[in-house]
Amino acid sequence: MVIFDREIILQSKTIFIAVYFLNFTKILNKVVGSKNKLKRFKENATFDNVFQPTREEVVNDEFPLKGKWNKEFFKNDHPLVLELGCGKGEYSVGLANRYPEKNFIGIDIKGARFWRGAKTAVENGMHNVAFLRTQIELIEHCFAENEVDEIWITFPDPQIKYKRTKHRMTNSEFLQRYKKILKKDGVMNLKTDSEFMHGYTLGLLHGEGHEVVYANHNVYKNEGAPEVVTAIQTFYESQYLEQNKPITYIQFKIK
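Residues numbered from 1 in each chain as written. Predicted model: local features only at pLDDT ≥ 70, side-chain atom pairs only at ≥ 80, totals over all residues. Heavy atoms only, no water.

J.: Looking at this structure, how should I read the confidence of the model for the chain?
T.: Regions with low pLDDT should not have their predicted coordinates read in detail. Predicted confidence across the chain gives a mean pLDDT of 89, with 86% of residues reaching 70 or more. Overall, residues 24–33 carries pLDDT values under 50, and its contacts beyond four positions in sequence, including any with other chains, amount to 0 contacts. (pLDDT = per-residue confidence, 0-100. Contact = heavy atoms within 4.5 Å.)

So, in structure tokens, the structure goes:
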């Protein structure tokens, strides 16, 4: 006859209940998250400042705003500035709010993320900022040669593993893509919390003979840092600063 210890049974029941509710919470979060994504996708479709072309349209050069962003959408000839991998769009909106004499476009493949920035811009009646849902590697299909004045890359995934080098947004291949759409004196900006990304990019720029205009490994501890770099902070950036994590910045021109 097998005799079970009452305490062991109670512990097993407790563990079972804890695991059950943990799994239930995970499932619930996924369901709620999916519903929120669908809601945001639908709302994005109603925003005049959001553009979501299909991959086929982009690859086949059928995207109608290519080369016509200022003429057809912004209706002016102001400098055109892009933010690549814009996430929630905080930086794009911040820049647009600070520099009304420029036009800004936040680009990201995840529309549910930049929904927040697009909605904020609509609610505040901002007409100098838009959002484009596409992959960064297709950027030259969305903008014409010499159409862009400036590009920002803010807190990108550093892709530290060697096999992920091709996905780093400042590798040689990506730089050549950016060069195609930038004007002759177009400026690039990289702002990141990753010392690896900062060092990798700086080394590549020097190695390939590009022009480094400004570089600093801790802009908030440097009095000479450009105001635009420290005046705007994303949600995660403020968290990094609370943790005393240095924020790095490089401004450069592609040769």
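J.: Help me understand the UniProt feature "binding site: S-adenosyl-L-methionine" (unreviewed entry) in the chain in this model?
T.: Here the UniProt-annotated "binding site: S-adenosyl-L-methionine" (unreviewed entry) positions come out as Glu83, Asp108 and Asp157. The named residues occupy 75 residues along the chain; their greatest pairwise C-alpha distance, 14.3 Å, places them in one compact cluster. Lining the largest pocket, from this annotated set, are Glu83, Asp108 and Asp157. Considering the arrangement of structural elements, one finds Asp108 in strand E3 (residues 103–108). (UniProt positions renumbered as here; feature names shortened; annotations may be inferred. 1 Å grid on protein atoms, 1.4 Å probe; cavity = no way out; pocket = protein on both sides within 12 Å on 5 of 7 lines; lining within 4 Å. Helix = DSSP H or I, 4+ residues; strand = E, 2+ residues; numbered from the N terminus.)

J.: Teacher, can you tell me more about helix H5 (residues 111–123) here?
T.: Each turn of an α-helix holds 3.6 residues, which means side chains three or four residues apart point in the same direction. Helix length check: H5 (13 residues) gives 18 Å between terminal C-alpha atoms against 18 Å at 1.5 Å per residue, within 8%. The principal kink in H5, of about 25°, is found at Gly117. Those residues of H5 not exposed but buried are Gly111, Ala112, Phe114, Trp115, Gly117, Ala118, Lys119 and Ala121. Once H5 finishes, Gly125 follows within two positions and takes phi at roughly 65°, a positive value. (Expected span 1.5 Å × (residues − 1). Bend = angle between axes of the 7 residues up to and from the residue. Buried < 20%, exposed > 50% of the residue type's maximum accessible area, 1.4 Å probe, protein only.)

J.: Where do I start with the side chain of Thr192 in this structure?
T.: Relative to the assigned elements, Thr192 resides in strand E6 (residues 182–192). Overall, Thr192 belongs to the buried group, its relative accessible area being 0%. Separated by 2.8 Å, the side chain of Thr192 and the backbone nitrogen of Ser194 make a polar contact. Apart from the residues within four sequence positions on either side, Thr192 is in contact with Phe155, Pro156, Met197, His198, Pro246, Ile247 and Thr248. (Polar contact = N/O pair within 3.5 Å; in protein donor to acceptor, adjacent residues only side chain to side chain.)

J.: Quick question: what am I supposed to make of the environment of Phe41 here?
T.: Here Phe41 shows up in helix H1 (residues 6–44). Put simply, Phe41 and Ala112 are 71 residues apart on the chain and 6.1 Å apart in space, counted from C-alpha to C-alpha. Once residues within four sequence positions are removed from consideration, Phe41 is found in contact with Gln52, Gly111, Ala112 and Arg133.

J.: How do you make sense of the packing of aromatic side chains when you look at a structure like this?
T.: For any pair of aromatic rings, the description rests on two quantities: the centre-to-centre distance and the angle between the ring planes. Going through the model one piece at a time under the given rule, you end up with 13 aromatic pairs. Consider the rings of Phe63 and Trp69, whose centres lie 5.8 Å apart with planes at 50°: the pair is tilted. Accessibility classification places Phe63 together with Trp69 in one group, the buried group. Considering the side-chain rings of Trp69 and Phe143, the 5.5 Å spacing of their centres and the 20° angle between planes classify their relative orientation as stacked. Highlighted residues: Trp69 in helix H3 (residues 69–74) and Phe143 in the loop between strand E4 (129–133) and strand E5 (148–154), separated in sequence by 74 residues. (Phe/Tyr/Trp six-rings, centres within 6.5 Å; stacked < 30°, edge-to-face > 60°.)

J.: Help me understand the UniProt feature "binding site: substrate" (unreviewed entry) in the chain in this model?
T.: Mapped onto this numbering, the UniProt entry annotates "binding site: substrate" (unreviewed entry) at Lys161, Asp193, Thr234, Phe235, Tyr236 and Glu237. Within this annotated set, the largest pocket is lined by Asp193, Thr234, Tyr236 and Glu237. Positionally, Asp193 belongs in the loop between E6 and helix H7 (195–208). A relative accessible area of 15% places Asp193 in the buried class. In terms of polar contacts, Asp193 uses its side chain to reach the side chain of Lys245, at 3.0 Å. By the element assignment, Phe235 lies in helix H9 (residues 235–242).

J.: Got a minute to help me understand the sheet that holds strand E1 (residues 50–51) in this structure?
T.: Each strand in a sheet pairs with another by means of backbone hydrogen bonds, the pair being arranged parallel or else antiparallel. Ordered in space as E1-E4-E3-E2-E5-E6-E8-E7, the 8 strands form an open sheet in which the pairing is mixed. The open sheet has two edge strands, E1 and strand E7 (211–216), and neither has a second partner. With 5 bridges joining them, E6 and strand E8 (residues 248–253) adopt antiparallel strand pairing. Bridge pairing links Lys191 to Tyr249 in E8. With respect to the sheet, H5 is in contact with E1, E3 and E4, its orientation differing from that of E4 by roughly 165°. Docked against the sheet, helix H6 (residues 172–181) engages strand E2 (80–84), E5, E6 and E8, running at close to 135° with respect to E6. (Pairing = 2+ DSSP bridges. Axes fitted to C-alpha atoms, helices over the stretch in contact; angles between N-to-C directions.)

J.: In this structure, what is going on with the pairing of E8? I would like to understand it.
T.: Every other side chain in a regular strand lies on the same face of the sheet, so the side chains alternate between the two faces. When E7 meets E8, the two strands line up antiparallel, connected through 5 bridges. Note that in E8 the partner of Tyr214 across the bridge is Gln251.

J.: Explain the nonpolar core here, please?
T.: When a protein is soluble and globular, its nonpolar side chains tend to lie buried together. With 36 residues, the main nonpolar core has Trp69, Leu82, Leu84, Ile105, Phe143, Ile151 and Tyr178 as its most contacted residues. Not counting the four nearest positions on each side in its chain, Leu84 is found in contact with Ile107, Ile136, Ile139, Ile151, Trp152, Ile153, Thr154, Met169 and Tyr178. (Core = buried A, V, L, I, M, F, W, Y, C linked by side-chain atoms within 4.5 Å.)

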